[in-house]
4 protein chains.
Amino acid sequence: MRRIAVFTSGGDAPGMNAAVRAVVRTAAWNKLHVYGIERGYEGMIDGHFKRMERRDVANIIQRGGTVLRTARSMRFMTPEGRAMAADHLKAYDIDACIAIGGNGTFTGAKVFSEEYDIPFIGVPGTIDNDLYGTDYTIGFDTAVNTAIEAVDKIRDTADSHNRLFFVEVMGRHSGYIALHTAIGSGASSVLIPEAETNIEDLKTVLRKNKARGKLFSVIVVAEGHHLGGAAGVSALIKDELASMEPKVTVIGHLQRGGAPTALDRVLASRLGHHAVNRLLEGEENVAIGIVNDNIFTCPFEESITKQKQPREALIRMASILAI
Amino acid sequence: MRRIAVFTSGGDAPGMNAAVRAVVRTAAWNKLHVYGIERGYEGMIDGHFKRMERRDVANIIQRGGTVLRTARSMRFMTPEGRAMAADHLKAYDIDACIAIGGNGTFTGAKVFSEEYDIPFIGVPGTIDNDLYGTDYTIGFDTAVNTAIEAVDKIRDTADSHNRLFFVEVMGRHSGYIALHTAIGSGASSVLIPEAETNIEDLKTVLRKNKARGKLFSVIVVAEGHHLGGAAGVSALIKDELASMEPKVTVIGHLQRGGAPTALDRVLASRLGHHAVNRLLEGEENVAIGIVNDNIFTCPFEESITKQKQPREALIRMASILAI
Amino acid sequence: MRRIAVFTSGGDAPGMNAAVRAVVRTAAWNKLHVYGIERGYEGMIDGHFKRMERRDVANIIQRGGTVLRTARSMRFMTPEGRAMAADHLKAYDIDACIAIGGNGTFTGAKVFSEEYDIPFIGVPGTIDNDLYGTDYTIGFDTAVNTAIEAVDKIRDTADSHNRLFFVEVMGRHSGYIALHTAIGSGASSVLIPEAETNIEDLKTVLRKNKARGKLFSVIVVAEGHHLGGAAGVSALIKDELASMEPKVTVIGHLQRGGAPTALDRVLASRLGHHAVNRLLEGEENVAIGIVNDNIFTCPFEESITKQKQPREALIRMASILAI
Amino acid sequence: MRRIAVFTSGGDAPGMNAAVRAVVRTAAWNKLHVYGIERGYEGMIDGHFKRMERRDVANIIQRGGTVLRTARSMRFMTPEGRAMAADHLKAYDIDACIAIGGNGTFTGAKVFSEEYDIPFIGVPGTIDNDLYGTDYTIGFDTAVNTAIEAVDKIRDTADSHNRLFFVEVMGRHSGYIALHTAIGSGASSVLIPEAETNIEDLKTVLRKNKARGKLFSVIVVAEGHHLGGAAGVSALIKDELASMEPKVTVIGHLQRGGAPTALDRVLASRLGHHAVNRLLEGEENVAIGIVNDNIFTCPFEESITKQKQPREALIRMASILAI
């Protein structure tokens, strides 16, 4: 193995730069040449490759976003697109690729590596933490910290006005961010896609809280909640709780950005580092992860299809601690 | 003068606690007794008064929100409500009041002090910075910093994806937060209630930016913009700029919270401190402010009716620096 | 079991309040009465107990420090001191204690519970992360994030001036904070108590970096490093590297404070919650921890005497990624 | 005027990048060519010039430090050094220079512009805020916010342990940072170079605080305080206050770094913008500033020699509010 390529794909996540840095430096340490591909599969199709050396990744570990940029690629879903991508990889004499992204990225990698003989290793980078095969994905810890900081601020105003707030956090199919945000911010309730929500139970909780002297409440709702996110849930109960003047806040895209946390920087560094090590040891077409603090790999097939869900015990604890 | 009361009213703003602390401690220094009234005029009507001594305001300078809580009071707009409030002030033998809030708060103070012989001093606390008679209101600097931090994070993702973002910040009638956020975050454009927006001009700017190689853009929109906030503006241009995948983010209530900035803590301390000093010197029914770094007072009448607007020069500069 | 006591002891750590909250609320859920003891063993000796109910721990999850205050107690090391403490526990009819702290706290708990028949459960709260029996201690993640934020800022100035900085972080006997700070901040080198430092190797690294065009360097040094912390190491090499104008910064006590991170809040919530559960299940005189994301308990004896050390693999990785 | 140069010199300060950006973009708007000089007068002597266009200053407004790097130049204090600098300016056909820095930077500019016929405009960039001719210097607000955030964290631990902390902030000759940090963090006392410190008075204050039930205290000390900074002051009183276990923390170089605050970004944008405007209007050899929110210029001579000091009224207020 002499030359590898690295790229980021799908939604950006804080810590992706730390992963890119780790790939480039570990590769350099092992005398490999590294090419960075811009905008994921789009750049692979269009031939946007650039040589990356050690100094090119200096001073990026603390930056949000991704210096390689990212995109979702429709063209890569077509045989023609993949053929163009393969041509460029061959033209640059790339022996293997490291793909940093989520489910869609790994799906692309799996399909491509079955058609062309170029091994891939996937590095889990997505704020949603919903990838099987790793306890944490890159960006999740930062997103949760950002959401908690936002809720801490909203609580100042909720507390000052005795108000009820519905705060929507990211997570289209997954409640990880919502659950951790709710536990960490001491929210009154949390509504996630993975658990049925009984709206009558929620009303009961809120009425009880009020009776107990809890003057304000924050309810954390995952974006993908079946009742329509924070706005949907709020609409269902606002009549009965009008005296608490319910407000809706959608934290939004700022959860994707910001300097990565310590955990995300260390995690991304380890994953990027070991992705290169595993390639050199001959592994291929697997996603790397950390399970129980050990490096773990699983075939793309499994990573893509298996489900990972928040623990029941955490969901139960959240409700006990909420009051 | 022996006893004064202090309260916060209207929307909460970071730094209100620093103002309360300064009032209590300056009063104590001058051997005055201080009562805190909870939830503004509501608490005045309901008789929620509590004695506050020096140690009661320890360790609050850094906290967002207001320890006295706040509210908007419909009842205080009625003669009956004000009569009840006056009764309580007399029962507690209050010689004067310090009211921390915005336009509505000062209006209430003016009406009340014309009816009852209890002097008021107003302290400008509102994130919007739209009060005449002071260069800065308490909470404005914190709100702008919070908005800028949010835009910094959104920019990470905008940059990574080459996207166009419309970011809505607070300001129902005032563009101060939007203008300072736009300058401070290096936004491409800013749309505020005080200036006409030509949607064709905006499209032209965005097209030019793209032609010049500016791959992403952030447009800051004030909540009260006549085209309907960020969502309204985005809807008007999204067809033509679909390739930039325009996104809308409403930063929302988190702008009201958080630990106050240095400027807000120092400003609030000065305003609270001098509000007591001016009361002792016999001033009444004025709002205190800081103009050109000097303490300034103006009659409630003026403070309520006169307009303060962002400088033309700053608006022009914003567009020159945007590129 | 009807009544339990909870206290914090030793050095304070961010997240202790989240643990206290979780203890109080889980106990309330289980119909137990909870007493908070102020200032750890000192308050136990002096009888500073207070009843804590659910609402008493509202709005503290986000606060640094500990609302129960903390202390190191010399008196508790004497039989007389412990006898007084036992008298108070009996007077308050306390059936069991939950002690939040580090090695010294657990040692006190072990000795006491051997002398008196009152079961203890220890909750690991110390920023140093050097307790056996848990992957993370409460406060570690926050301390590392604080240290990394500080290094991020120092790097701005190091980079602007092409300078060499020695940054000292906390850790008298343990290099966890230093190692994670170094990896997370992309430092050039890290010097920890657990590994021998060859000063000639360090000089070589710095010279090589310079030759390679790395214009500034940050070296992270653990407080307890055998060469005398950052000042000691700097003194040893400053002559040879004078052109880089080496500077020393000791981050200091601010590493102990601040709002806890998401990880510390969730961790502390889980540990406090399960400490109560385990007490109810009859466990005693153990420290609770989280190992491989599962709740784990180990006898105080083991927790106190066994060593936990940073992984060799992480230390090696840090040097590979440093350039 | 067709070509101008811009550089940063002396100590770095957050917001310098915003000033560079404003200079480049305002110049471009006016069809001027801009050259950036690296490392201040050092780069001028060595000929390190680079053409800067609008896009070259994209995405830097939020970054600490200075992308042009900075240095203190001994060589520029010699006629030979300045001659070399003049040669390079002429070779690049530079018509005028904009110098961003502090007292030393302006002194260099004054001497140089008297010897060579190249006009300079100075932009005040220094965290110390000690320059005459402007209410605020670029970087001051960020430095104070950083110091206050640090004290907020230290207070968590001071409060938890009932301890006395001496916190040293930057300011070799100036107490601005210390004074604003003390007011903003609610410190018990502040010791600055501009005011005599009576150590007996300080002891009295601390004893009184203790008697009043104030269980912990934070004393802010300016680096340049005549008793030897925080360590010096602490040494003088520690015997008498041993029970409060006095601790010393030096916040250090991290005060120089970090993302600039809103105020610093807007201030730097305005100063950079108007520096170009004033050059075009024919002004030269002046420092630009903002006084009472208006653009103000004063000759280098005055800016260098006149003193600016914190207001007496603020110092007095600080002691009244401390309790």
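Computed from a predicted structure; not experimentally measured. (Residues numbered from 1 in each chain as written. Chains lettered and ligands numbered in written order. Predicted model: local features only at pLDDT ≥ 70, side-chain atom pairs only at ≥ 80, totals over all residues. Heavy atoms only, no water.)

Expressed as a screw transformation, the operator carrying chain C onto chain D has a rotation angle of 180 degrees and an axial translation of 0.0 Å, and the superposed copies differ by an RMSD of 0.0 Å. In short, the pair behaves as if placed about a two-fold rotation axis. Of the residues that chain C buries at the interface, 100% are likewise interface residues in chain D, meaning the two copies contact each other through the same surface. (Least-squares fit on C-alpha atoms with pLDDT ≥ 70 in both. Contact = heavy atoms within 4.5 Å.)

In this section: the UniProt feature "active site" (unreviewed entry) in chain A. All names here are of chain A. UniProt records the feature "active site" (unreviewed entry) at Asp128, using the numbering of this structure. Residue placement: Asp128 occurs in the loop between strand E5 (120-124) and helix H5 (140-161). Non-local contacts of Asp128, meaning those with residues more than four positions away in its chain, are made with Thr137, Phe140, Gly171, Ser174, Tyr176 and Ile177. (UniProt positions renumbered as here; feature names shortened; annotations may be inferred. Helix = DSSP H or I, 4+ residues; strand = E, 2+ residues; numbered from the N terminus.)

With that out of the way, let us pick up helix H7 (residues 199-211) of chain A. Residues and elements named next belong to chain A. Taking 1.5 Å per residue, 13 residues should reach 18 Å; H7 reaches 18 Å between its end C-alpha atoms and fits that length. Where H7 is buried, its residues contact strand E6 (164-169), strand E7 (189-191), strand E8 (217-222) and helix H8 (229-237). Here H7 starts with a cap whose side-chain oxygen sits 2.8 Å from the backbone nitrogen of Glu200, and that cap is Asn198. Of the residues trailing H7, Gly213 is marked for its positive phi of about 95 degrees. (Expected span 1.5 Å × (residues − 1). Polar contact = N/O pair within 3.5 Å; in protein donor to acceptor, adjacent residues only side chain to side chain.)

Looking now at the interface of chain A and chain C. At the interface, 43 residues of chain A touch 44 residues of chain C. The junction of chain A with chain C conceals about 4,100 Å² of combined surface from both sides, 55% of it contributed by carbon and sulfur atoms. It is Arg55, Ile320 and Leu321 of chain A that lose the most area in chain A upon contact with chain C, and together they represent 15% of the buried surface on that side. Counting every contact that joins chain A to chain C gives four salt bridges. The salt bridge involving Asp152 of chain A is made with Arg265 of chain C; its shortest N-O contact spans 2.8 Å. Our count for the chain A to chain C interface comes out at 20 residue pairs in polar contact (both at pLDDT 80 or more). For the side of chain A that touches chain C, the elements supplying multiple residues, two or more each, are helix H1 (16-29), H5, helix H6 (176-185), helix H9 (262-280) and helix H11 (312-322) of chain A. When its residues are assigned to classes, the side of chain A that touches chain C shows 16 nonpolar, 13 polar and 14 charged. (Buried area = accessible area lost by both parts, 1.4 Å probe. Salt bridge = Lys/Arg side-chain N within 4 Å of Asp/Glu carboxyl O. Nonpolar A, V, L, I, M, F, W, Y, C, P; charged D, E, K, R; others polar.)

Our next topic: a negative patch on the surface. A contiguous patch of negative charge on the surface is contributed by Glu149 of chain A, Glu149 of chain B, Glu149 of chain C together with Glu149 of chain D. Structurally, the position occupied by Glu149 of chain C is in helix H5 (residues 140-161). The class for Glu149 of chain C is partly exposed, based on a relative accessible area of 42%. (Patch = residues over 30% accessible without salt bridge, like charges linked within 9 Å, V, L, I, M, F, W, Y side chains within 5 Å. Areas by Shrake-Rupley, 256 points an atom, 1.4 Å probe, with all protein chains shown as cover. Lys, Arg positive; Asp, Glu negative; His and termini not counted. Charge placed at Lys NZ, Arg CZ, Asp CG, Glu CD. Buried < 20%, exposed > 50% of the residue type's maximum accessible area, 1.4 Å probe, protein only.)

All right, on to the sheet that holds strand E11 (residues 294-299) of chain A then. Residues and elements named next belong to chain A. One open sheet holds the seven strands; their spatial order is E3-E2-E1-E4-E5-E10-E11, and the pairing between them is mixed. Of all the strands in the sheet, the pair left with one neighbour each is strand E3 (49-52) and E11. Ignoring which end each strand starts from, the neighbouring axes of this sheet average 30 degrees apart. Of the pairings in the sheet, the one linking strand E10 (residues 286-291) to E11 comprises six bridges and is antiparallel in character. The residue bridging Val291 from the neighbouring strand is Asn294, located in E11. This element, helix H4 (residues 103-115), spans strand E1 (3-8), strand E4 (96-101), E5 and E10 of the sheet and lies at about 175 degrees to E5. (Pairing = 2+ DSSP bridges. Axes fitted to C-alpha atoms, helices over the stretch in contact; angles between N-to-C directions.)

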